[in-house]
Amino acid sequence: MTPDHPFDPDQPSDPAAWQADTPPAVLAPGEHCPGVLEPAAVRHLVVHCSATDDDVDIGAREIHAMHLGFDWHGIGYHRVVRRDGRVEPGRPDYWVGAHVYGQNESSLGVCLIGRDSFTPAQFDALEDVLRTWRIASPGARICGHCDFSTTTKTCPNFDVQAFCTSRGLADRLAGELPPT
């Protein structure tokens, strides 16, 4: 049986309807639930692009369906930024993502829709997402998917460090390459 929601059969398939702010179980202090991403464990905030044509506006629902088609457990990103700057939820922040090989258990991922020509609204929304995540995970470094040696992808196809510098986010840049 394939659940409608990638993690909980009682959740709807539409990521916008997921209960992203309520963990699935209450644990005793000090207990760790496999598959749950604790804010203190987040070391990287990873920027991605969908690598879809720049004139195509898809969202979390379409990426969710695409990732299910890869036999994944649904959308791998935690946020999706549409062409008009709307931010849609992907996986809840407390679930381990599926967006950077070997780094999913210590990262959150945001995906900008497009390939290499992003809108000002997308960049504004990206800044908001990164600033929000850094409140919960202040020690996390911001980097692009391409900054990891475990991929040959060029995603997100722009200089994340230059973007962060221009937006005053540079103090948490990935000055050194993330570990492999």
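Each value, and the rule that gives it
- Residues numbered from 1 in each chain as written.
- Predicted model: local features only at pLDDT ≥ 70, side-chain atom pairs only at ≥ 80, totals over all residues.
- Heavy atoms only, no water.
- Helix = DSSP H or I, 4+ residues; strand = E, 2+ residues; numbered from the N terminus.
- Buried < 20%, exposed > 50% of the residue type's maximum accessible area, 1.4 Å probe, protein only.
- Contact = heavy atoms within 4.5 Å.
- Areas by Shrake-Rupley, 256 points an atom, 1.4 Å probe, with all protein chains shown as cover.
- Arc of directions from axis to C-beta.
- Pairing = 2+ DSSP bridges.
- 1 Å grid on protein atoms, 1.4 Å probe; cavity = no way out; pocket = protein on both sides within 12 Å on 5 of 7 lines; lining within 4 Å.
- Points joined across faces, edges and corners; volume = space filled by probe spheres on them.
- Nonpolar A, V, L, I, M, F, W, Y, C, P; charged D, E, K, R; others polar.

Caption draft 1: Local environment of the overall build of the chain. Tallying secondary structure elements over the chain gives three helices and five strands in all. Walking the chain from its N terminus toward its C terminus, one meets helices and strands in the order β-α-β-β-β-α-β-α. When the 180 residues of the chain are sorted by exposure, 47% land in the buried category. In the chain, 69% of the contacts between residues at least 6 apart in sequence involve partners at least 24 apart. Total accessible area on the chain stands at roughly 9100 Å², and carbon and sulfur atoms take up 53% of it.

Caption draft 2: Representation of helix 1 (residues 60–69). Within the sequence span of helix 1, burial applies to Ala60, Ile63, His64 and His67. Burial along helix 1 is one-sided: seen end-on, the buried residues are contained in an arc of 105°. Considering only its buried residues, helix 1 is in contact with strand 2 (79–81), strand 3 (87–89) and strand 4 (107–112).

Caption draft 3: Summary view of the pairing of strand 4. Within strand 4, six of the six residues are buried, leaving the element largely enclosed by the surrounding structure. The side-chain alternation of strand 4 yields two buried faces, one formed by Ser107, Gly109 and Cys111 and the other by Leu108, Val110 and Leu112. Note: strand 1 (residues 44–49) against strand 4, six bridges, orientation parallel. Its bridge partner being in strand 4, valine 47 is matched across the sheet by valine 110. As paired elements, strand 2 and strand 4 share three bridges and run parallel to each other. Counterpart to valine 80 in the pairing with strand 4 is cysteine 111.

Caption draft 4: Focus on the layout of surface pockets. In this model, the largest pocket occupies a volume close to 380 Å³. Around the largest pocket, the lining comprises 21 residues; the ones closest to its centre are His67, Trp72, Tyr77, His145 and Lys153. Counting only elements with at least two residues in the lining of the largest pocket, the list comes to strand 1 and helix 1. The element best represented in the lining of the largest pocket is helix 1, accounting for three residues. By residue class, the composition of the lining of the largest pocket is 12 nonpolar, eight polar and one charged.

Everything listed here is a matter of coordinates, which is why it stays silent on function.
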